[in-house]
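Remarks on the overall topology
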Amino acid sequence: EVLRPCGVSIRSRILSVGNVADGSPEEIENEIMKARRDGDSVGGVVECVISGLPAGVGEPVFGKLQQMLAGAMMSIGAVKGFEYGMGFDGVGARGSEVADCFVADGEGRISTVTNNSGGIQGGISNGMDVVMRLAVKPTPTIGREMATVTDCGEPAVIKAGGRHDPCILPRILPVVEAMAAMVILDAMMMKNAIRQL
């Protein structure tokens with residue numbers, strides 16, 4: 001609510017779940033239900049996009065925007081990985097292939113032709129969409145028997161009782177959006193505080 005008057009919006013979606021990438025809601029549900037029927041669980045990838053963030057939010061060293069976002073996202077219990085922009089897909093490319101070239105339109109607005117940097121350059125927003133992806137692990141507590149050891153170190157088998165989510169991806173989306181909103185609000189307030197000094 002606080003960010004909406006500033007023109008900032010945050011949305012997230014399930015990018016992949018199990019073996020289904022860019023699937024329809026029905027395909028995603030089927031993959032999750034298949035894991036449930038097997039007494040197992042699946043993880044996947046969540047994509048979060050922050051739109052409308054003005055250029056200049058973040059710091060070049062302490063308080064880098066991507067560092068703040070990564071810290072918040074990695075504090076979510078099931079998140080095991082974070083990337084933004086081209087992320088790991090860009091490591092095999094050359095700089096000339098991934099550089100985001102700036103252009104100006106006829107009305108003086110500046111943007112980039114591509115968004116390989118994911119809306120952040122040098123720790124500071126560049127005015128493009130901030131795009132990040134999170135690796136979310138499968139729920140480790142499942143309805144199958146699992147090998148373990150007793151408190152004396154003896155081999156044992158345990159089967160957890162109760163209700164277990166076969167996938168937490170649908171439930172993690174509002175958490176990701178809320179964490180992103182808190183980071184963006186903090187970063188914008190820090191920028192405004194520095195201006196007033």
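Nothing here was measured: the structure is a model prediction, and the numbers come from that model.

Side note on the overall build of the protein
Counting its secondary structure elements, the protein contains four helices and 11 strands. By its C-alpha atoms, the protein is 65 × 35 × 35 Å across when sized along the principal axes. Each of the 197 residues in the protein was classed as buried or not, and the buried ones make up 39%. Partitioning the intrachain contacts of the protein with sequence separation of at least 6 by distance along the chain shows that 69% fall at a separation of at least 24. Each charge sign in the protein was given a centre, from 18 positive and 23 negative side chains, and these centres are 2 Å apart.

Quick notes on helix α1 (residues 25-37)
Counting along an α-helix, one turn takes 3.6 residues, and residues three or four places apart therefore face a common direction. Over its 13 residues, α1 extends 18 Å from the first C-alpha to the last, a length consistent with the 18 Å expected when each residue adds 1.5 Å. Within α1, burial applies to I28, E31, I32 and A35. Seen from one end, α1 has its buried residues packed into an arc of 95°, which puts them on one side. α1 presents E26, N30 and R37 as exposed residues on the side facing more than 90 degrees away from its buried surface. Directly after α1, the chain includes G39, whose backbone phi takes a positive value near 70°.

Description of the pairing of strand β3 (residues 44-51)
By the criterion of burial, β3 is predominantly enclosed, with seven of the eight residues buried. Taken together, the eight bridges between strand β1 (residues 9-17) and β3 define a ladder with antiparallel strand orientation. Counted as the bridge partner of I14 is V46 from β3. Where β3 and strand β9 (residues 130-136) come together, seven bridges link them in antiparallel fashion. Note on β9: the bridge partner recorded for V49 is V131.

Brief notes about the nonpolar core
In terms of nonpolar packing, the biggest core is built from 41 residues, with V17, I50, L53, L69 and M73 touching the most fellow members. Here this core gets 10 residues from one element, more than from any other, and that element is helix α4 (residues 169-196). Excluding anything up to four places from it in sequence, V17 contacts I28, E31, I32, V42, G43, G44, C167 and L169.

Quick look at the pattern of salt bridges
If you walk through the whole model with that rule in mind, you get six salt bridges. Notably, a salt bridge pairs R109 with D105, separated by 3.0 Å at the nearest N-O pair. For D165, the salt bridge is made with R171, and the minimal N-O distance between the two is 2.3 Å. Accessibility expressed as a relative area gives 14% for D165, which makes it buried. One continuous salt-bridge network, built from bridges that share partners, spans R13, D22 and E47.

Description of the side chain of Q66
By secondary structure assignment, the location of Q66 is in helix α2 (residues 65-74). Looking at Q66, the relative accessible area reads 14%, which means it is buried. Side-chain polar atoms of Q66 contact the side chain of Y84, separated by 3.4 Å. Discounting residues that sit within four places of it in the chain, Q66 has contacts with F82, Y84, I120 and G123.

A few points about the layout of surface pockets
Each pocket or cavity is described by its volume, and for the largest pocket that value is around 190 Å³. Every residue lining the largest pocket is listed: E1, L3, R4, V8, S9, I10, E177, A178 and A181. Residue assignment for the lining of the largest pocket shows that the elements contributing at least two residues are β1 and α4. Of all the elements, α4 adds the most residues to the lining of the largest pocket, at three residues.

Comments concerning α2
Extensive coverage of α2 is indicated by the burial of seven of its 10 residues. Of all the residues in α2, the buried ones are L65, Q66, M68, L69, A70, A72 and M73.

Analysis parameters
Residues numbered from 1 in each chain as written. Predicted model: local features only at pLDDT ≥ 70, side-chain atom pairs only at ≥ 80, totals over all residues. Heavy atoms only, no water. Helix = DSSP H or I, 4+ residues; strand = E, 2+ residues; numbered from the N terminus. Buried < 20%, exposed > 50% of the residue type's maximum accessible area, 1.4 Å probe, protein only. Contact = heavy atoms within 4.5 Å. Lys, Arg positive; Asp, Glu negative; His and termini not counted. Charge placed at Lys NZ, Arg CZ, Asp CG, Glu CD. Expected span 1.5 Å × (residues − 1). Arc of directions from axis to C-beta. Pairing = 2+ DSSP bridges. Core = buried A, V, L, I, M, F, W, Y, C linked by side-chain atoms within 4.5 Å. Salt bridge = Lys/Arg side-chain N within 4 Å of Asp/Glu carboxyl O. Polar contact = N/O pair within 3.5 Å; in protein donor to acceptor, adjacent residues only side chain to side chain. 1 Å grid on protein atoms, 1.4 Å probe; cavity = no way out; pocket = protein on both sides within 12 Å on 5 of 7 lines; lining within 4 Å. Points joined across faces, edges and corners; volume = space filled by probe spheres on them.

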